[in-house]
Amino acid sequence: MQRRLIPCLLICLLSCCDLRGQNPQQTARWTIRLLHCVDNVPAVYDTLAYSNASGNRYAVCRIQYFISRITLHARGTEVPAGEPQHYADSGLSPTLLWQTDVPAGRYDSLSFTFGLSPELNQSYIFRNPPENLMFWPEALGGGYHCMKLDLKYINRNGQIAHFNCHLGNGQEKNPDGQVTGRVGNHFRVTLPLQLTAEAGKTAETRLVMRIEKWFDAVHRIDFNRFERGIMDNLDAMRLFRENGRQVFDILTL
Amino acid sequence: MKGLSLRWIRGVVAGMSAATMAAAVCAYDHAPAPPPPEPYRINIPFFPDGLNIPADNPMTVEGIALGRHLFYDGRLSGRTHPDSLMSCATCHRQEHAFECGFHHPVYKNGRPHGLTGQPAPHAMLPLFNLLWNNEGYMWNGRIHESNQQLGAPQYNVPAEPPYHHRNIESFVWMAIVAPHEMDGRIDRTVCAIRNAGLYQPMFRKAFGSDTVNIDRISKAIAQFVRSLVSFDSKFDRFMAGRATLTASELNGLQLFTTETGDCFHCHGSPAVPLWTTNAFMNNAKDIDFNEAGDRYSVTGNPRDKGAYRVPSLRNIAYTAPYMHDGRFATLKETLQFYNSGLQRSPYVHPLMINMNHGGAHLSNQELADLEAFLLTLSDTTFVTSPSFANPRPDDAFFTR
Ligand SMILES: [Cu+2]
């Protein structure tokens, strides 16, 4: 009996080292805490306290967005985590904490789709608020907003103006204005991670959105150029999408 | 969109604990307890799941029937003289989606006043689809489950549980005592209803015994108000593939749901068929905000200054005048305001992007199309349904 027990214990101890050795029954709780920062400090909302790279003085009023197909990676193995999509809203604190059970083990990266991945982004799939309020009009391509980031800024006339940084499906049109194609402005984000999820315990990852990077990561945005928003502007949404690939970081404690 | 069918959800409203209720009231009665009331099953269209029904007041067929009578009974004012009758229906008229209507014979320009002549401090809000409002009632959302306030000491309403400020039940006792409404006393109302001679069997069926009290009166009326569901407008039928829209209506929909008109972010869309987000927003009507009843008065958050409920656009054609203070008499005036009358201030909700230019600046034809679309949200079935009408139109107490 004892002779059998020792190898079993050895196998258990060894299997803790990475995901492939894990007993799939052994799960850990994994929490993602969503944080929103501007210039490396937590965002303070509704104050015209920030300046972007173009020199626009601006305030962040609120951020609402989807992330979907959250996946943990361990040495090339993918572990889909939790519900297919998650809605985050700076005004609803419960949405800023996302939890799921994952197989215990060590993970080396995290990936997710910013916005809803195409197979999820179908009009009318959400019947309940707040998700259904993210509706993206059929006339603009249908589905749901990837993000509503609502700002105020001081425009070139020195007046308070509004800027809605809303990202969702774009539509390509021919010279006659007929729709010829759809451009999903969702994008995949992959971030390195050192996560050890121990069976029966909770591991936490802090995922931070650096809001200012939406305006300067690749393309420098002057709010005056787009004036009030980007929602029905294919080119503007592309610029934001390309900036958006760099807005997320894992915050190491 | 045209081929999309409106999914009808047969929702089952939580069954009541009839046995508990019967046991609680049998101490008052010697007669045998009646059969338990029948849970009210409601056909919910393509609406959200979250119904705002307090755990202690499940909807029942009998409760709604009683509430409908009380809603229309002028003795709710606690008086029986013909000049002193007032009921909920005095101002909340079915043909106006349970507002008073702009051309009311007594309340000129849709501005109601109480029995003493004191005007209401705000324009009316209609009564429909309140089941799906979990954000708080009234223009500022003060009536909300989180509200701990009890009673109204200035009107001798005691700080006891029936007199909470949390849900539709609250409006009943508030209407009785408010000087700009019935200006009455709760004990007199209970007495008038008790002495009316027709209610005891209805209370028995709804609540298990003959006992008439303000708690039961409030609960029954709240049940009836929750049963007021509007889901059969022309646009609903269009979404279900049972109606077609004209070119003008379709263009109006297009303007409504794109950045051109930019109405949908706040007022909803085909995917938000309540046609409101039930949020509170400052919609750029003014520059100074000193009104005591705004959202700021509830939250204390400066961002809520001058913010009021975003009303549903369902049945909007029936509910003039518009805005919290009723400043616009017609839909055209209201659309003109959004077209060119927006005022710039730091408190305007960030979603109001047309504030940057003072409005949407649509052409007259586009405004006409937008209005044509809004009229497709009128639910004639709702405003004519016999289920919601005065149950005793020939009874003098019920004619007000
Ligand atoms: Cu948008």
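Residues numbered from 1 in each chain as written. Chains lettered and ligands numbered in written order. Predicted model: local features only at pLDDT ≥ 70, side-chain atom pairs only at ≥ 80, totals over all residues. Heavy atoms only, no water.

Caption draft 1: Inspection of the overall build of chain A at higher detail. Across its full length, chain A carries three helices and 15 strands. Across chain A, the fraction of contacts at a sequence separation of at least 24, relative to all contacts at a separation of at least 6, is 68%. (Helix = DSSP H or I, 4+ residues; strand = E, 2+ residues; numbered from the N terminus. Contact = heavy atoms within 4.5 Å.)

Caption draft 2: Fine view of the environment of Y338 of chain B. Residue and element names in this part refer to chain B. Along the chain, Y338 turns up in helix α12 (residues 331-340). Judged by relative accessible area, which is 24%, Y338 ranks as partly exposed. Separated by 53 residues in the primary sequence, Y338 and K285 place their C-alpha atoms 9.1 Å from one another. Sequence-distant contacts of Y338, defined by excluding residues within four places in its chain, comprise N283, M323, M352, G359 and A360. A distance of 2.9 Å separates polar atoms of two side chains, one belonging to Y338 and the other to N283. (Buried < 20%, exposed > 50% of the residue type's maximum accessible area, 1.4 Å probe, protein only. Polar contact = N/O pair within 3.5 Å; in protein donor to acceptor, adjacent residues only side chain to side chain.)

Caption draft 3: Representation of the pairing of strand β11 (residues 170-173) of chain A within the structure. All names here are of chain A. Alignment of β11 against strand β12 (residues 179-183), held across four bridges, turns out to be antiparallel. Following the sheet pairing, Q171 is matched in β12 by R182. Between the end of β11 and the start of β12, which pair antiparallel, lie five residues, with G177 showing a positive phi angle near 85°. (Pairing = 2+ DSSP bridges.)

Caption draft 4: Fine view of the coordination of the copper ion. In the first shell of the copper ion, the protein supplies H145 of chain A (NE2), H166 of chain A (ND1), M231 of chain A (SD) and H265 of chain B (NE2), at 2.0 to 2.4 Å from the metal. Classification of the site at the copper ion rests on its four donor atoms, whose angles at the metal span 99 to 122°, yielding the label tetrahedral. Separated by 21 residues along the polypeptide, H145 of chain A in the loop between β8 (105-114) and β9 (147-154) and H166 of chain A in strand β10 (residues 160-167) bring together distant segments of the chain. Taking the relative accessible area as the measure of exposure, H145 of chain A reaches 0% and is therefore buried. On the basis of relative accessibility, which here comes to 0%, the residue H166 of chain A falls in the buried class. (Donors = N, O, S within 2.8 Å, 3.2 Å for Na, K, Ca; no water. Tetrahedral: all angles 85-135°; square planar, octahedral: opposite > 155°, others 65-115°.)

Caption draft 5: Just unusual backbone geometry, in detail. Of note, the bond from P129 of chain A into P130 of chain A is cis; its omega dihedral lies within 30 degrees of zero at 5°. Residue P321 of chain B is reached from A320 of chain B by a cis peptide bond, and omega for that bond is 0°. In this structure, P321 of chain B sits in the loop between β4 (308-309) and α12. With phi around 45°, R69 of chain A is a residue other than glycine that occupies positive phi space. Look at R69 of chain A and you get partly exposed, because its relative accessible area is 40%. Of note in the backbone geometry, F98 of chain B takes a positive phi value of approximately 65° without being a glycine. Along the chain, the position of F98 of chain B falls in the loop between α3 (88-91) and α4 (168-177). On the basis of relative accessible area, F98 of chain B is assigned to the buried category, the value being 0%.

Caption draft 6: Expanded view of the pattern of salt bridges. As enumerated under the stated definition, the model contains 24 salt bridges over all chains in all. The salt bridge involving E95 of chain B is made with R93 of chain B; its shortest N-O contact spans 3.7 Å. A relative accessible area of 42% means that E95 of chain B is categorised as partly exposed. When the shortest N-O distance is used, the salt bridge between D236 of chain B and R314 of chain B registers 2.8 Å. A residue pair is termed long-range when its members are at least 10 positions apart, and D236 of chain B in helix α8 (residues 234-239) and R314 of chain B in the loop between β4 and α12 qualify at 78 residues. The exposure class of R314 of chain B is buried, given its relative accessible area of 0%. Each of R33, E204 and R206 of chain A takes part in one network of salt bridges that share partners. (Salt bridge = Lys/Arg side-chain N within 4 Å of Asp/Glu carboxyl O.)

Caption draft 7: Quick look at the interface of chain B and chain A. On the chain A side, the residues contacting the 36 residues of chain B number 29 residues. In this assembly, chain B packs against chain A so that about 2900 Å² is buried in total across both faces, 57% of it on carbon and sulfur atoms. For the pair chain B and chain A, the interface holds two salt bridges. Here R127 of chain A ties to D49 of chain B by a salt bridge, and the two come within 2.0 Å at their closest N and O atoms. (Buried area = accessible area lost by both parts, 1.4 Å probe.)

Caption draft 8: Representation of the side chain of E259 of chain B in the model. Tracing the chain through its elements places E259 of chain B in the loop between α9 (247-256) and α10 (264-267). R228 of chain A is the oppositely charged side chain nearest to the buried, salt-bridge-free E259 of chain B, at an N-O distance of 5.0 Å. (Lys, Arg positive; Asp, Glu negative; His and termini not counted.)

Caption draft 9: Quick peek at the domain arrangement of chain B. Residue and element names in this part refer to chain B. For chain B, the assigned domains are domain 1 (61-230) and domain 2 (234-378). For domain 1 versus domain 2, the distance between C-alpha centres works out to 28 Å. In this complex, domain 1 contributes 26 residues to the contact, which on the side of domain 2 involves 23 residues. With both chains or domains summed, domain 1 and domain 2 bury close to 1900 Å², and 56% of this area falls on carbon and sulfur atoms. The largest share of the area that domain 1 buries against domain 2 comes from F102, W139 and N140, three residues that together contribute 33% of it. Taken together, the connections running from domain 1 to domain 2 amount to zero salt bridges. Seen at the junction of domain 1 and domain 2, the total is ten residue pairs in polar contact (both at pLDDT 80 or more). Considered class by class, the residues forming the side of domain 1 that touches domain 2 number ten nonpolar, eleven polar and five charged. (Domains from an automatic or database assignment. Nonpolar A, V, L, I, M, F, W, Y, C, P; charged D, E, K, R; others polar.)

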